[in-house]
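This is what each chain is made of:
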Amino acid sequence: GQQVMQIPQYQHVQEGEDFTTYCNSSTTLSNIQWYKQRPGGHPVFLIQLVKSGEVKKQKRLTFQFGEAKKNSSLHITATQTTDVGTYFCAGITNDYKLSFGAGTTVTVRA
Amino acid sequence: DAGVIQSPRHEVTEMGQEVTLRCKPISGHDYLFWYRQTMMRGLELLIYFNNNVPIDDSGMPEDRFSAKMPNASFSTLKIQPSEPRDSAVYFCASSLGASGSPLHFGNGTRLTVT
């Protein structure tokens, strides 16, 4: 079945630095979603990418969808303590099978 | 918009007992999902409904788990009998429309089975 792999599993970042988390699928995706879960909280939808090669920005967050629609990335610049949490990608296939990655848990050193 | 409402927030029960988790989706949403989250397995889709009809229950672990959606504003996930390995956070989520619609998660129910 479809699997969405996400790396790294953990990311320890110095405040102010940049980092990237990656999401890879074994099959072509119709679209991909990103969610953020704060410690003790629930996943909250951030964004959806649909088009091949699409790039979207939300303030310091930049989301990309690969040309082959099999991978995606989330890049955060100038990390802040408010960025702490777990970031999940969720890939969607054409038959509406949504598969979550394992998530990247981000901690920030002040 | 009150969001997806789940109850209880926490449930502690003894092995062998029946557990019922409840969910009220966002009004007007036609899809409802039940997820289980653990450190080991991450977010797992258990079952989802469309217009109150179960569409895919392939993620339900075994016959001890059952889910119902008697109407558009209420769903239950039942575990009978419960086992310690069922300990997890159970999330309900709803969405409007099919493929590509964002999921709106509830706050979850943290289940501990001793």
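A quick note: this is a predicted structure, and the numbers were derived from the prediction, not measured.

Asker: Is there a simple way to think about the overall build of chain A in this case?
Answerer: Broken down by element type, chain A carries zero helices and 11 strands. Counting helices and strands in the order they occur from the N terminus, chain A gives β-β-β-β-β-β-β-β-β-β-β. For a compact globule of 110 residues, the expected C-alpha radius of gyration is about 13 Å, and chain A comes in at 13 Å, within 12% of that figure. Taken over the C-alpha atoms alone, chain A extends approximately 45 × 25 × 20 Å along its principal axes.

Asker: Explain the sheet that holds strand E8 (residues 71-76) of chain A here, please?
Answerer: One key point about sheets: their strands pair by backbone hydrogen bonds, in either a parallel or an antiparallel sense. Residues and elements named next belong to chain A. Pairing is antiparallel in the open sheet, where five strands are placed in the order E1-E3-E8-E7-E6. One side of each edge strand has no neighbouring strand; the edge strands of this open sheet are strand E1 (4-7) and strand E6 (55-58). Across the sheet, the mean angle separating the axes of adjacent strands is 15° when strand polarity is ignored. The pairing of E1 with strand E3 (residues 19-25) spans four bridges and is classified as antiparallel. The residue of E3 that forms the bridge with methionine 5 is asparagine 24.

Asker: Teacher, can you tell me more about the packing of aromatic side chains here?
Answerer: Any aromatic ring pair is given by two values, namely how distant the centres are and how the planes are angled relative to each other. In this structure the tally under the stated criterion is 13 aromatic pairs over all chains. Relative to B:Phe105, the ring of B:Phe91 lies with its centre 5.9 Å away and its plane at 90°, an arrangement referred to as edge-to-face. Taken together, the residues B:Phe91 in strand E9 (residues 88-95) and B:Phe105 in strand E10 (residues 104-105) connect sequence positions 14 residues apart. Take B:Phe91: its relative accessible area is 1%, and that puts it in the buried class. Every member of this aromatic cluster is reached through a ring pair, and the members are A:Tyr35, A:Phe45, A:Phe88, A:Phe100, B:Tyr31, B:Phe33, B:Tyr35, B:Tyr48, B:Phe91 and B:Phe105.

Definitions and cut-offs
- Residues numbered from 1 in each chain as written.
- Chains lettered and ligands numbered in written order.
- Predicted model: local features only at pLDDT ≥ 70, side-chain atom pairs only at ≥ 80, totals over all residues.
- Heavy atoms only, no water.
- Helix = DSSP H or I, 4+ residues; strand = E, 2+ residues; numbered from the N terminus.
- Rg over C-alpha atoms; globule rule 2.2 N^0.38 Å.
- Pairing = 2+ DSSP bridges.
- Axes fitted to C-alpha atoms, helices over the stretch in contact; angles between N-to-C directions.
- Phe/Tyr/Trp six-rings, centres within 6.5 Å; stacked < 30°, edge-to-face > 60°.
- Buried < 20%, exposed > 50% of the residue type's maximum accessible area, 1.4 Å probe, protein only.

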